[in-house]
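Breakdown of the fold
Okay, here's what each chain looks like letter by letter:
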Amino acid sequence: MTLLGSLQIVVLICIAYGLAPGAFAYAQAANSATLKEDHVIRYCVDPDWLPYEAIIDGRHTGISSDYLSLLTKYTDLSFVLVPTSSWRQSLALLQQGECELTPMLNQTPKRDRYLLFSDVFFKSPNVLVSLKTEPFLQGFEHIGQRSLAIPSDYRLVEYIQQYYPSIDTVLTQSEREGLQKVAKGEVDVFVGSMFSVNAYIQQQGLTSLKIAGWGGPEDELRLGVIHSKQGLLKKINEGLANITHGEHISIYKKWHNITVVEDIDYSVVYQVLAALGGFILFLLYRTICMAKYNHHLSAKNKTLQKLQHELEQKNSDLDFLAQHDPLTKLYNRHYFNQTFLNDERAYRKDCVSLIIIDIDFFKAINDMYGHAIGDKVLVQVAQVLQASVRDGDVVARWGGEEFVIVCKHLDLQGAADLSQRIAKELTQFSFQNNIKVTCSFGVAQLGETETIQTCFERADSALFKAKQSGRNTYCCA
């Protein structure tokens, strides 16, 4: 019998004997305390897995801590940390039911025996790490006879045992221990998460290490809940869905602090100091030598700083170019596929509409004015689209003169109205060389059981009908 059922029986007995008022108030208070307790979740974390999560001075910190704070904001749940000394101990407490939740781990068949998993809320690649003297390995298939260190109880242990059983694996207690074994030459290669590997290399000053390849499937991190608390999953998934894109980006920027670590060769400095010691009596000569050396060193430092700045800028540019069209600066087709086609479940519960846009007679513009003017027209059309959509709508260049708009929380009629508004803005915009630019629009709303790919094909068919209807118009699928 549950505590709540027992309290109900107590109330009925009290009523029967004329003791209802005071006893009923006591039962209500106890019941309220029980319900409040149901919203307090005891959880365990990996105490040594920065930047994802860790326990420092008895407090939970890291990416998972920030996400739990957001879940507290978006749900009526609260979370109480159960401190542990290792990830293995955390998993043991979860299996025993002393912990009810863990905020950041991968789903595996072994863990499915005692955990239920939320939707994916954070992804990260795994990488191979070796000494800088080792060649670039690309992936597990090129490890060959080399030994591979991997933390025990990590999801990748099961993956390697299933798909690469011939690899000589060495199990370690943590990622930190595995990296130190590689630095000392005790094992050849280590595999771990890119973010945490980078953090440990910087913290421990392991400058002799390098990233030597990709380490299997990327981490798809979720919250895990013990089976007896399966009712929490609905609240947790709803809370995750309410986390905004800006909040995800804020957490990513806070903890994604990859920097370039350079080895410094001090042998030249030692040689110079030895030479100066031999000529200590020749003060004038030493002063001249030091002045020349300082000037040379200052120039080298400036050169290194410039190269480091250029490298960081290049990395930033590469990240931007991977997801954006270089001409219009809109999101590109790759971003659309990765964000929408590959993760349809994240948008299934929302009202989503697609608009495919094609510039009318764009080939004639290129033929008449040249491709340079045509490129400027594409940029200006992109500006009109960005200025016309709502905050939260995604505008992407699909290719050539075609664009795609993804509208969340907007039905078919709303998307049609947006198409009309864009068409009107195009007629009022002053394009290059006073060119008159119009567009045709294909509009479709995502069905409840429909894939985004199918919805896209319907919108594309509607665009074709709009062109057949004389262009400069929209057609709804």
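Read on for an overview of the structure. Treat the numbers as computed from the prediction; the structure is a model and nothing was measured.

Read across the sheet, five strands follow the order 11-10-12-9-13 without closing on themselves; strand pairing throughout is mixed. Because the sheet does not close on itself, it has two edges, and the strands there are strand 11 (168–172) and strand 13 (209–214). Neighbour-to-neighbour, the strand axes of the sheet open up by a mean angle of 35°, direction not taken into account. The pairing of strand 9 (residues 126–131) with strand 13 spans five bridges and is classified as antiparallel. Each bridged residue has a counterpart across the sheet, and for Ser130 the counterpart in strand 13 is Lys210. The strands touched by helix 6 (residues 175–184) are strand 9, strand 10 (147–151), strand 11, strand 12 (189–193) and strand 13; relative to strand 12, the strand with the most contacts, the crossing angle is about 150°. Along the sheet, helix 7 (residues 194–204) contacts strand 9, strand 12 and strand 13; its crossing angle with strand 12, the most-contacted strand, is approximately 115°.

Residue pairs three or four apart in sequence face the same way in an α-helix, which turns once every 3.6 residues. Buried residues dominate helix 7, accounting for eight of its 11 residues. Turning to helix 7, its buried residues are Met194, Phe195, Ser196, Val197, Asn198, Ala199, Tyr200 and Ile201. Note on helix 7: the residue one or two positions beyond its end, Gly205, has a positive phi of about 65°.

Here we take up the packing of helix 15 (residues 371–388) against helix 16 (residues 412–428). Packing of helix 15 against helix 16 brings their axes to within 10 Å, and their N-to-C directions diverge by 135°. It follows from the interaxial angle that helix 15 and helix 16 lie oblique. For helix 15 against helix 16, the interelement crossing comes out right-handed. Mapping the contact onto sequence places Val384, Leu385 and Ser388 in helix 15 and Leu418, Arg421, Ile422, Glu425 and Leu426 in helix 16. Across the contact of helix 15 with helix 16, the residue classes tally to five nonpolar, one polar and two charged.

It is worth spelling out the pairing of strand 10 at this point. With five of five residues buried, strand 10 lies mostly within the body of the structure. Neither face of strand 10 is left uncovered, since the one carrying Ser147, Ala149 and Pro151 and the one carrying Leu148 and Ile150 both have all their residues buried. When strand 10 meets strand 11, the two strands line up parallel, connected through five bridges. Within strand 11, the position partnered with Ala149 by the bridge is Val170. At this point the chain moves from strand 10, through helix 5 (residues 155–163), to the parallel strand 11, and the crossover so formed is right-handed.

This next bit is on the sheet that holds strand 2 (residues 48–49). Pairing between the strands of a sheet is mediated by backbone hydrogen bonds and can be parallel or antiparallel. Spatially, three strands are ordered 2-3-4 in an open sheet, and the strand pairing comes out antiparallel. Where the open sheet ends on each side, the last strands, each with one partner, are strand 2 and strand 4 (59–61). Of the pairings in the sheet, the one linking strand 2 to strand 3 (residues 53–56) comprises two bridges and is antiparallel in character. Directly across from Trp49, in strand 3, lies its bridge partner Glu53.

Looking now at the packing of aromatic side chains. Remark: the centre distance and the inter-plane angle together describe each pair of aromatic rings, the angle taken between the planes. Counted according to the given criterion, the structure contains 18 aromatic pairs. Ring geometry for Tyr43 versus Phe79: centroids 6.3 Å apart, planes at 85°, classification edge-to-face. You can see Tyr43 sitting in strand 1 (residues 40–43) and its partner Phe79 sitting in strand 5 (residues 78–81), a full 36 residues away along the chain. Given a relative accessible area of 6%, Tyr43 falls into the buried group. Its relative accessible area of 16% is what places Phe79 among the buried residues. Summarising the aromatic geometry, the rings of Phe336 and Phe456 are spaced 5.9 Å apart at their centres and angled 55° between planes, so their arrangement reads as tilted.

Right, let's get into the packing of helix 6 against helix 7. For the pair helix 6 and helix 7, the least separation of the axes is 10 Å and the interaxial angle reads 60°. At the point where helix 6 passes helix 7, the crossing takes the right-handed sense. Mapping the contact onto sequence places Glu175, Arg176, Leu179 and Gln180 in helix 6 and Ser196, Val197, Tyr200, Ile201, Gln203 and Gln204 in helix 7. Residue classes in the contact of helix 6 with helix 7 are distributed as four nonpolar, four polar and two charged.

We now examine the nonpolar core. Most often, soluble globular proteins keep nonpolar side chains buried together rather than apart. Counting 54 residues, the largest nonpolar core has Phe122, Leu179 and Ile236 as the members making the most contacts within it. Setting aside its immediate chain neighbours within four residues, Ile236 contacts Leu71, Leu77, Leu101, Ser118, Leu223 and Val225. In this structure, Ile355, Leu378, Ala415 and Ile435 belong to the second largest nonpolar core, which totals 30 residues.

The rules behind these values
Residues numbered from 1 in each chain as written. Predicted model: local features only at pLDDT ≥ 70, side-chain atom pairs only at ≥ 80, totals over all residues. Heavy atoms only, no water. Pairing = 2+ DSSP bridges. Helix = DSSP H or I, 4+ residues; strand = E, 2+ residues; numbered from the N terminus. Axes fitted to C-alpha atoms, helices over the stretch in contact; angles between N-to-C directions. Contact = heavy atoms within 4.5 Å. Buried < 20%, exposed > 50% of the residue type's maximum accessible area, 1.4 Å probe, protein only. Parallel < 35°, antiparallel > 145°, perpendicular 65-115°, else oblique. Left-handed = near helix turned anticlockwise from the far one by under 90°. Nonpolar A, V, L, I, M, F, W, Y, C, P; charged D, E, K, R; others polar. Right-handed = clockwise from strand over helix to strand, strands pointing away. Phe/Tyr/Trp six-rings, centres within 6.5 Å; stacked < 30°, edge-to-face > 60°. Core = buried A, V, L, I, M, F, W, Y, C linked by side-chain atoms within 4.5 Å.

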